[in-house]
Amino acid sequence: MRQRLVSSVIIGIFISFLVCLLFLLGIFETWQFRFTDALFYEKPVRNDIAIIAIDDASIASLGRFPWDREQYAKLLAVLGNKPLVVGFDVSFSEKASVEGDEAFRAILEKKTSPVVLPIQARKISQNRALDLIFPIQSIGMFTEGGLVNMLTDQDQVTRKSLISAISGDGSVLDGFII
């Protein structure tokens, strides 16, 4: 009886070790991705969110992208302070025309509702965001920032995004999520 118990424990430990090894080698990764995908379902569209997309029609109307920042200033002027939050998924990390930058800065300075601009990390390692690309200071000083980096799995599907990360100076950066 005792020998049978010892044999069962040894077999159990061996099988557990083997399964852990197979997980570490990625053998079950495809199945794991499929099970993860099955946990999520399509949610109804929220009516309190508006997405203003840059598409072929807007490029045909306004011209070649990237647009002058005066266009974004006009958009914010039309929106006014009605939206609770405005988020741009467009990088403003380099100076553009002086007039455009000034028009955008001036409208941002007047806004009472938050405007969120992207912050991009060139390197992400263990919840640390390194080598960050921020909006230019004249614009960024009137906005909030959010990390836009997405974490893509080996099957090239994005299932995760950063809720927050620690920057090189130790401060916490929030993700650009709703």
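It should be noted that the structure appears before, not after, this text.
First things first, this report covers the structure right here in the doc. Bear in mind the structure is a predicted one, so any value in this text is a computation, not a measurement.

1. Brief notes about the overall build of the protein
Right, on to step 1. Scanning the protein from terminus to terminus reveals six helices and eight strands.
Right, on to step 2. For the protein, the N- to C-terminal ordering of α and β elements is α-α-α-α-β-α-β-β-α-β-β-β-β-β.
Right, on to step 3. Radius of gyration (C-alpha) of the protein: 24 Å, far over the 16 Å computed for a compact globule of 178 residues.
Right, on to step 4. When its C-alpha atoms are laid out on the principal axes, the protein stretches across 85 × 40 × 30 Å.
Right, on to step 5. Sequence-distant contacts, at least 24 apart, represent 63% of the contacts inside the protein between residues at least 6 apart.
Right, on to step 6. For the protein, the exposed surface amounts to about 13600 Å²; the carbon and sulfur share of it is 59%.
Right, on to step 7. Mean positive and mean negative side-chain charge positions of the protein (18 and 20 charges, respectively) differ by 8 Å.

2. Some words on the nonpolar core
Right, on to step 1. Core analysis: the largest hydrophobic core is formed by 15 residues, its most contacted members being Tyr-72, Leu-76, Phe-88, Phe-92, Phe-104 and Ile-139.
Right, on to step 2. Elements supplying a minimum of two residues to this core: α4 (69-79), α5 (98-110) and β2 (115-125).
Right, on to step 3. Those residues within four positions of Leu-76 in sequence are excluded, and the remaining contacts are Val-86, Phe-88, Phe-104, Ile-107, Leu-108 and Lys-111.
Right, on to step 4. Listed in part, the seven residues of the second largest apolar core include Ile-119, Ala-121, Ala-129 and Leu-147.

3. A short note on the packing of α4 against α5
Right, on to step 1. Two elements in contact, α4 and α5, have axes separated by 7 Å at closest approach and are oriented at 20°. Considering their axes alone, α4 and α5 lie roughly parallel with respect to each other. The way α4 lies across α5 gives a crossing that is left-handed. From α4, Arg-69, Glu-70, Tyr-72, Ala-73, Leu-76 and Ala-77 reach across to α5, where they touch Glu-99, Gly-100, Asp-101, Ala-103, Phe-104, Ile-107 and Leu-108.
Right, on to step 2. A breakdown of the residues in the contact of α4 with α5 according to their chemical character gives eight nonpolar, one polar and four charged.

4. Points about the pattern of salt bridges
A side chain with one charge can pair with a side chain of the opposite charge if their charged atoms come near.
Right, on to step 1. Inspection of the entire model under this criterion finds seven salt bridges.
Right, on to step 2. Of the charged contacts, one joins Arg-159 and Asp-37 as a salt bridge, the two residues approaching to 2.6 Å between their closest N and O atoms. Remark: Asp-37 occurs in helix α2 (residues 29-38) and Arg-159 occurs in strand β6 (residues 158-161); sequence separation between them is 122 residues.
Right, on to step 3. Using a relative accessible area of 35% as the deciding quantity, one classes Asp-37 as partly exposed.
Right, on to step 4. Within this structure, Asp-37, Asp-153, Asp-155 and Arg-159 form a network of salt bridges that share partners.

Basis of the calculations
- Residues numbered from 1 in each chain as written.
- Predicted model: local features only at pLDDT ≥ 70, side-chain atom pairs only at ≥ 80, totals over all residues.
- Heavy atoms only, no water.
- Helix = DSSP H or I, 4+ residues; strand = E, 2+ residues; numbered from the N terminus.
- Rg over C-alpha atoms; globule rule 2.2 N^0.38 Å.
- Contact = heavy atoms within 4.5 Å.
- Areas by Shrake-Rupley, 256 points an atom, 1.4 Å probe, with all protein chains shown as cover.
- Lys, Arg positive; Asp, Glu negative; His and termini not counted.
- Charge placed at Lys NZ, Arg CZ, Asp CG, Glu CD.
- Core = buried A, V, L, I, M, F, W, Y, C linked by side-chain atoms within 4.5 Å.
- Buried < 20%, exposed > 50% of the residue type's maximum accessible area, 1.4 Å probe, protein only.
- Axes fitted to C-alpha atoms, helices over the stretch in contact; angles between N-to-C directions.
- Parallel < 35°, antiparallel > 145°, perpendicular 65-115°, else oblique.
- Left-handed = near helix turned anticlockwise from the far one by under 90°.
- Nonpolar A, V, L, I, M, F, W, Y, C, P; charged D, E, K, R; others polar.
- Salt bridge = Lys/Arg side-chain N within 4 Å of Asp/Glu carboxyl O.

Worth remembering: the numbers are spatial, not functional.
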